[in-house]
Amino acid sequence: MALVSVLDYEQRAFETIPRNALDYYRSGAGNELSMGLNRSCFDRLRIRPRMLQGSAERDLSCTVFGERFTMPIGISPTAMQRMAHPEGEVANARAAASRGVAFTLSTISTSSIEEVADATPGSVKWFQLYIYRDRQLTESLVRRAEKAGFRAIVLTVDAPLFGLRRADLRNKFSLPAHLTMANFVGKAATSVRSQGGSGINEYIAEQLDPALSWDDVKWLVSFTKLPVIVKGILTREDALIAANLGVKGIFVSNHGARQVDSVPASIEALPEIVKAVGDRVEVFLDGGITQGTDVFKALALGARMVFFGRPAVWGLAVDGQRGVESILDILRKELDLTMALAGCRTIKDITSNYVVHESFYSKL
């Protein structure tokens, strides 16, 4: 059967990825209420198409931090991608480069900063950063990313500890023995092994600083020459603090609903953050994207670009680099068609007038 949607790839990937890895990729926190919200809240938004707008030709390109992208869609950081495919992050980054979109490499990747950089010279790559207990080690990661040509640092602020992921506890998740955390050496590279619970949670508890604070954001902004983006913001209060500290971007994200269950869907939190700081910093959205209409809705509510993680992993598992390229092509075609039928010729034409909550119609 032809694979023509992100959900088609998801279903095929579920048949392909080993259970230990699959449950890691697809699971959420707690009872997975927020994971469901990440998708269902998009379904509660209605597109209000305008007719006869002369939208026969569309331009999907956008510019962020002075970089031009072919479309306002990018790939979020996802850990340990060689569990899904032997080429892992390298294949994913090559796919992003081939389609002219941003790729974000995770700190806890199974391909190193340098491997990904060497495989994709000249393409726009961002580096996602965790703050380790060892600040010298943390700073060295940033310096390596700078040296390798990465264009931004994406600081994850919602994970001083990893959330309650029951599937990983049941499976006693461990990184397969032939893989390592490729950005590290020694224990930091090889210690994702279950000691009775989830090996990744045990690793994070040992390596990352649970006392993460806004001072760490200030510290990072003070020494890196790259724009700093904070990832994991869900409230206007935190968005304002971040903007006041000099960050250049904010990822509205609930970490794929993997940290605290019952937090809002990213798309629910987006409007208040855009209203608070959208004129001061770039605002991005991550979480729940499965089709082009989702991208359209997020852009209409103020997101500058929209990112996804799991769909790229599904494409990677099914067909490596070509699978990720197919995912990107599907989303591009769906976004383009939505723009054509809604009456938008450029990304800038997609405004809040085009999207309302379903409750709008019950009040008429």
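If you're wondering where the values come from, they're calculated on a predicted model, not measured in any experiment. (Residues numbered from 1 in each chain as written. Predicted model: local features only at pLDDT ≥ 70, side-chain atom pairs only at ≥ 80, totals over all residues. Heavy atoms only, no water.)

(A) Quick look at the overall build of the protein chain. Check the secondary structure of the protein chain and you find 15 helices and 12 strands. Against the compact-globule benchmark of 21 Å for 364 residues, the protein chain has a radius of gyration of 19 Å, which places it among compact chains. If you line up the protein chain on its principal axes, its C-alpha atoms span 60 × 50 × 40 Å. Within the protein chain, the fraction of its 364 residues that count as buried is 57%. A separation threshold of at least 6 residues defines the contact pool for the protein chain, and within that pool the share at least 24 residues apart is 73%. Total accessible area on the protein chain stands at roughly 14,800 Å², and carbon and sulfur atoms take up 51% of it. Side chains of the protein chain give 43 positive and 40 negative charges; the mean places of these two sets differ by 2 Å. (Helix = DSSP H or I, 4+ residues; strand = E, 2+ residues; numbered from the N terminus. Rg over C-alpha atoms; globule rule 2.2 N^0.38 Å. Buried < 20%, exposed > 50% of the residue type's maximum accessible area, 1.4 Å probe, protein only. Contact = heavy atoms within 4.5 Å. Areas by Shrake-Rupley, 256 points an atom, 1.4 Å probe, with all protein chains shown as cover. Lys, Arg positive; Asp, Glu negative; His and termini not counted. Charge placed at Lys NZ, Arg CZ, Asp CG, Glu CD.)

(B) Seen up close, the pairing of strand β8 (residues 228-233). The buried fraction of β8 is high, at six of six residues. Pairing of strand β7 (residues 152-156) with β8, which is carried by four bridges, proceeds in the parallel orientation. By the bridge assignment, Val154 is partnered in β8 with Ile229. Pairing geometry for β8 and strand β9 (residues 249-253), over four bridges, is parallel. Across the sheet, the residue bridging to Ile233 is Val252, located in β9. Where the polypeptide runs from β8 across helix α11 (residues 236-244) and back to β9, its parallel neighbour, the crossover connection is right-handed. (Pairing = 2+ DSSP bridges. Right-handed = clockwise from strand over helix to strand, strands pointing away.)

(C) Main features of the UniProt feature "binding site: glyoxylate" (unreviewed entry) in the protein chain. According to UniProt, the positions carrying the feature "binding site: glyoxylate" (unreviewed entry) are Tyr24, Arg165 and His255. A maximum C-alpha distance of 13.2 Å places the annotated residues, which cover 232 residues in sequence, within one compact spot. Structurally, Arg165 can be placed in the loop between β7 and α7 (166-171). Using a relative accessible area of 2% as the deciding quantity, one classes Arg165 as buried. (UniProt positions renumbered as here; feature names shortened; annotations may be inferred.)

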